[in-house]
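Residues per chain are reported as follows:
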Amino acid sequence: MERQTRQKLAVMQALQTSGRSLNPTELLALAQAEVPALNLSTVYRQLKSLQDDAQVLRVDLPGQPARFEAACQAPQARGHAHHHHHFHCTRCDRVFPIHACPGGMQALAPAGFQVHGHDLTLHGLCADCAVAA
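Novice: Which parts of the structure should I look at to understand the overall build of the chain?
Specialist: What the chain contains, in helices and strands, is four helices and five strands. Listed N to C, the secondary structure of the chain is α-α-α-β-β-β-β-β-α in terms of helices and strands. Residues classed as buried in the chain amount to 35% of the 133 residues present. When contacts within the chain are restricted to residue pairs at least 6 apart in sequence, those whose partners lie at least 24 apart make up 53%. Of the accessible surface of the chain, which amounts to about 8200 Å², a share of 56% is contributed by carbon and sulfur atoms.

Novice: Would you explain helix α1 (residues 6-18) in this entry?
Specialist: An α-helical turn contains 3.6 residues, so a residue and the one three or four places further along point in the same direction. When the terminal C-alpha atoms of α1 are compared, their 18 Å separation across 13 residues agrees well with the 18 Å that a helix rising 1.5 Å per residue should span. Buried within α1 are the following residues: Lys8, Ala10, Val11, Met12, Ala14 and Leu15. Residues of α1 that are buried make contact with α2 (24-31), α3 (40-52), β1 (56-59) and β2 (67-70).

Novice: What is the right way to look at the pairing of strand β3 (residues 85-89) in this model?
Specialist: Strand residues, when the strand is regular, have side chains that alternate between the two faces of the sheet. β3 sits mainly inside the fold: five of its five residues count as buried. Of the two faces of β3, the one lined by His85, Phe87 and Cys89 and the one lined by His86 and His88 are each fully buried. Summarising the sheet, β3 and strand β4 (residues 95-98) pair through four bridges and their orientation is antiparallel. Across the sheet, the residue bridging to Phe87 is Phe96, located in β4. In this antiparallel pair of consecutive strands, β3 and β4, the connection spans five residues, and Asp93 shows a positive phi of 70 degrees. Here β3 pairs with strand β5 (residues 121-124) via four bridges, running parallel.

Novice: Would you mind going over the nonpolar core with me for this structure?
Specialist: Ranked by size, the top nonpolar core spans 17 residues in total, and within it Val11, Leu15, Leu27, Leu38, Val43, Leu47 and Val56 carry the most contacts. Only α1, α2 and α3 provide two or more residues apiece to this core. At five residues, α1 tops the list of elements feeding residues into this core. Leu15 has contacts with Arg20, Leu22, Leu27, Leu47, Val56, Phe68, Glu69 and Ala70, leaving out every residue within four places of it along the chain.

Novice: When you look at the sheet that holds β3 in this model, what are you seeing that I'm missing?
Specialist: The strand order across the open sheet built from three strands is β4-β3-β5, with neighbouring strands paired in mixed fashion. Strands at the two margins of the open sheet, each flanked by one partner only, are β4 and β5. Within this sheet the neighbouring strands show an average axis-to-axis angle of 25 degrees, counted without direction.

Definitions and cut-offs
- Residues numbered from 1 in each chain as written.
- Predicted model: local features only at pLDDT ≥ 70, side-chain atom pairs only at ≥ 80, totals over all residues.
- Heavy atoms only, no water.
- Helix = DSSP H or I, 4+ residues; strand = E, 2+ residues; numbered from the N terminus.
- Buried < 20%, exposed > 50% of the residue type's maximum accessible area, 1.4 Å probe, protein only.
- Contact = heavy atoms within 4.5 Å.
- Areas by Shrake-Rupley, 256 points an atom, 1.4 Å probe, with all protein chains shown as cover.
- Expected span 1.5 Å × (residues − 1).
- Pairing = 2+ DSSP bridges.
- Core = buried A, V, L, I, M, F, W, Y, C linked by side-chain atoms within 4.5 Å.
- Axes fitted to C-alpha atoms, helices over the stretch in contact; angles between N-to-C directions.

Here it is, written out as structure tokens:
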């Protein structure tokens, strides 16, 4: 594992304290509170390193730029990628993890098909936007 730098710690802390998935620009703004001279190319380098160390997960939603989130620290997630889903707020565009799963999707697949995995994204208003609506 690579040594911890101030930049890497700032990126990781921003991801952990945000409680949601962040795009690199959002991440830069939060991490600059700890390291004001941080730039976007450094954020990308640190994200790559953190992904390589399995500390950060990439979140891809159709039609959206990549976001990143801290790997789940729940006991069931140790040693492998924690399966979870996401909520995308259609007003503020923030993405939040949902640490739950409705279970197998085999019954939804056409006859004879085999489901090997699934991704689920809920869309709507987050709690902040719902109150403002």
